[in-house]
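Residue-level listing of the chains:
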Amino acid sequence: MPTAETLAAHVFYEDRGTGPALLLVHGHPFDHTMWQPQIDRFSRTHRVIAPDLRGYGDSPLGAMTESTDLGEFAEDLVELLDQLRIEDCVLAGLSMGGQIAMELYRRHPERVRGLVLADTFPAAETEDGKKARNAMADRLLREGMRGYADEVLDRMVAPYNTHAAPHVHRMMCATDPVAAAAALRGRAERPDYRETLAAATVPALVVVGRDDTYTPVADAEEMHALLPDSTLVVVERAAHLPNLERTEEFDAALAAFLRSLVRTN
């Protein structure tokens, strides 16, 4: 897999296909292979860039840190685009990846031609949420990833989607708990992205699994209402990872969105 060196981290990424750039940002605690079905399909029509965020997959965390904020992840991605000589892209993120996408757009709107926000939400963390994320970070450092992975698997992937569960469980178990804990602490301090979405000037696609309990349909509806030019797709019989649970439906929504961008440019 190619690797790009940024100022603070070595970012490993998959770079496949030619055409307009599509940057896929994975969630927590996964890696770029979360997007494998989309890499395989959309690299036929696009240049698909799928990185491992710092501390995930094959990207090392770098200097020891207790917290990695979303801005650091976003700047890593911008530097990756710079090194690949990509001026702008369609930016897609799921869960934490969606919040990183919002942060990147907030900082560098000129680098984004379209936004895809899947199973994510824009609000800042509540005080109770901050406590919960920091407590989970402490737990991962004490116990590692396996117990957490076992505990949340049925929320990540709906129990009836057994085909997707083994891959998701492997990704979670393989994640470095130090990196996962740092991301949790940084994510707890994220800003509120609702003003950013309300001021967005690019088309957006909002996708959510009907049975997602982490980011329920109501969160997706709120984002859809905030974004001036957006489409909302609710994927039936899917939880937090509809791109793996119901790949055909997710890909159909993404393909339609990408086609719409061609028509409007």
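Computed from a prediction, not measured in an experiment: that's the story for all the values here.

Peer 1: Can you walk me through helix 2 (residues 70-83) in this structure?
Peer 2: A rise of 1.5 Å per residue sets the reference length of helix 2, with its 14 residues, at 20 Å; its end C-alpha atoms lie 20 Å apart and thus fit the reference within 8%. Between a side-chain oxygen at the N-terminus of helix 2 and the backbone nitrogen of Gly 71 the separation is 2.9 Å; the capping residue is Asp 69. Phi turns positive, to about 60 degrees, at Arg 85, one or two residues after helix 2.

Peer 1: What is the right way to look at unusual backbone geometry in this model?
Peer 2: Keep in mind that most residues, glycine aside, have a negative phi and that most peptide bonds are trans. Cis geometry marks the peptide bond from His 28 to Pro 29, where omega comes out at -5 degrees. Its place among the elements puts Pro 29 in the loop between strand 3 (21-25) and helix 1 (36-42). The backbone of Arg 85 sits at a positive phi, close to 60 degrees, despite the residue not being glycine. Along the chain, the position of Arg 85 falls in the loop between helix 2 and strand 5 (89-94). Positive phi, normally seen in glycine, also occurs at Ser 95, with a value near 60 degrees. One can find Ser 95 in the loop between strand 5 and helix 3 (96-107).

Peer 1: What exactly am I supposed to notice about the pairing of strand 6 (residues 112-118) here?
Peer 2: On any regular strand, side chains alternate: one points to one face of the sheet, the next to the other face. The buried fraction of strand 6 is high, at six of seven residues. Where strand 5 and strand 6 come together, six bridges link them in parallel fashion. Considered in strand 6, the bridge of Leu 94 is made with Ala 118. Crossover handedness for the path strand 5 to helix 3 to strand 6: right-handed. With four bridges connecting them, strand 6 and strand 7 (residues 204-209) associate as parallel partners. By the bridge assignment for strand 7, Leu 115 is matched with Ala 204.

Peer 1: Can you help me understand the packing of helix 2 against helix 3 in this one?
Peer 2: Each pair of packed helices gets described by two things: the angle between the helix axes and the distance between those axes. Running from amino to carboxyl end, helix 2 crosses helix 3 at an angle of 70 degrees, the nearest separation of the two axes being 9 Å. As the angle between them shows, helix 2 and helix 3 are arranged roughly perpendicular. Contacts between helix 2 and helix 3 involve Leu 70, Gly 71, Phe 73, Ala 74, Glu 75, Leu 77 and Val 78 from the former and Met 96, Gln 99, Ile 100, Glu 103, Leu 104 and Arg 107 from the latter. Of the residues belonging to the contact of helix 2 with helix 3, the class tally is eight nonpolar, two polar and three charged.

What counts as what
Residues numbered from 1 in each chain as written. Predicted model: local features only at pLDDT ≥ 70, side-chain atom pairs only at ≥ 80, totals over all residues. Heavy atoms only, no water. Helix = DSSP H or I, 4+ residues; strand = E, 2+ residues; numbered from the N terminus. Expected span 1.5 Å × (residues − 1). Polar contact = N/O pair within 3.5 Å; in protein donor to acceptor, adjacent residues only side chain to side chain. Buried < 20%, exposed > 50% of the residue type's maximum accessible area, 1.4 Å probe, protein only. Pairing = 2+ DSSP bridges. Right-handed = clockwise from strand over helix to strand, strands pointing away. Axes fitted to C-alpha atoms, helices over the stretch in contact; angles between N-to-C directions. Parallel < 35°, antiparallel > 145°, perpendicular 65-115°, else oblique. Contact = heavy atoms within 4.5 Å. Nonpolar A, V, L, I, M, F, W, Y, C, P; charged D, E, K, R; others polar.

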